[in-house]
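Here is how the chains run, residue by residue.
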Amino acid sequence: MLAAIAEDVRGCSRCELFRTATNGVPGEGSADARIMFIGEGPGWHEDRQGQPFVGSSGKFLTELIGLAGLNRDDVFITNIVKHRPPGNRDPLPDEIAACSVFLDRQIETIDPEVIVTLGRFSMHRYFPGERISRIHGQPQRIGSRLVVPMYHPAAALHNGSLKGTIEEDFRKLPRFLAEQEAEREKRRQDEEQPQQGTLF
Ligand code: URA
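Report on the accompanying structure. (Residues numbered from 1 in each chain as written. Predicted model: local features only at pLDDT ≥ 70, side-chain atom pairs only at ≥ 80, totals over all residues. Heavy atoms only, no water.)

With that out of the way, let us pick up the site of the ligand. Every residue close to the ligand is listed here: G39, E40, G41, E46, P52, F53, S57, N79 and H152. A distance of 3.0 Å is found between an oxygen atom of the ligand and a backbone nitrogen or oxygen belonging to F53. Computed on the free molecule, the ligand has an accessible area of 240 Å², of which 92% lies beneath the protein chains in the complex. Split into classes, the residues belonging to the shell around the ligand amount to 2 nonpolar, 5 polar and 2 charged. (Near = heavy atom within 4 Å. Polar contact = N/O pair within 3.5 Å; in protein donor to acceptor, adjacent residues only side chain to side chain. Areas by Shrake-Rupley, 256 points an atom, 1.4 Å probe, with all protein chains shown as cover. Nonpolar A, V, L, I, M, F, W, Y, C, P; charged D, E, K, R; others polar.)

In structure tokens:
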């Protein structure tokens, strides 16, 4: 299923970005991931290799994932747009809208318990009009998932004072996963309750 989505991304012409890109970058990681990371869009290295977060911000993201006690194979990493915006410009609203079908399908397939947005474009999918400086690192329950807005790793690379902040936010991820596990168990028990009632 993820492979079919990836194939559709690589052949996509729903917006103009494919014309200037070298490769589509669908995303990569585990189909069973409990956490999904959503960045902004492929940069130069990602466009060349067809893989997400493989340049300098990717190297830092890999370190941050390690701070959460995980590695890249445990999680799923993707972007809000799957082809590189020329010159690394910001993705446009109609490009984000055209690409959202792929993200929707990836989320439906993987069904992650925690979604981490990296930077403002993916944050605005869940928290339109919000400011990252106000809500970073604070999880919000949306349906059955926790959505955690985080600074983009590139922002921390360009602004040293954010480095400690983003590291601290990533260190909270194991706690959010544990909360989700407890919430799941509670829901499981609530679902069993009426059946137990009929036994007596
Ligand atoms: N920045 C992003 O937002 N995504 C990538 O894949 C690489 C850099």
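Another point: the pairing of strand β6 (residues 145–150). Of all 6 residues making up β6, 6 are buried, and the element is well covered by its neighbours. Residues of β6 alternate between two faces, with R145, V147 and P149 on one and L146, V148 and M150 on the opposite face, all of them buried. Bridging between strand β4 (residues 114–118) and β6 involves 5 bridges; their strand directions are parallel. In the strand pairing of β6, V114 is matched with L146. Here 3 bridges tie strand β5 (residues 140–142) to β6, and the two strands are oriented antiparallel to one another. In the strand pairing of β6, I142 is matched with R145. Where β5 folds back on β6, the antiparallel hairpin that results is connected by 2 residues, among which G143 adopts a positive phi of roughly 60°. (Buried < 20%, exposed > 50% of the residue type's maximum accessible area, 1.4 Å probe, protein only. Helix = DSSP H or I, 4+ residues; strand = E, 2+ residues; numbered from the N terminus. Pairing = 2+ DSSP bridges.)

So, to be careful, I would describe these as geometric facts and stop short of saying anything about function.
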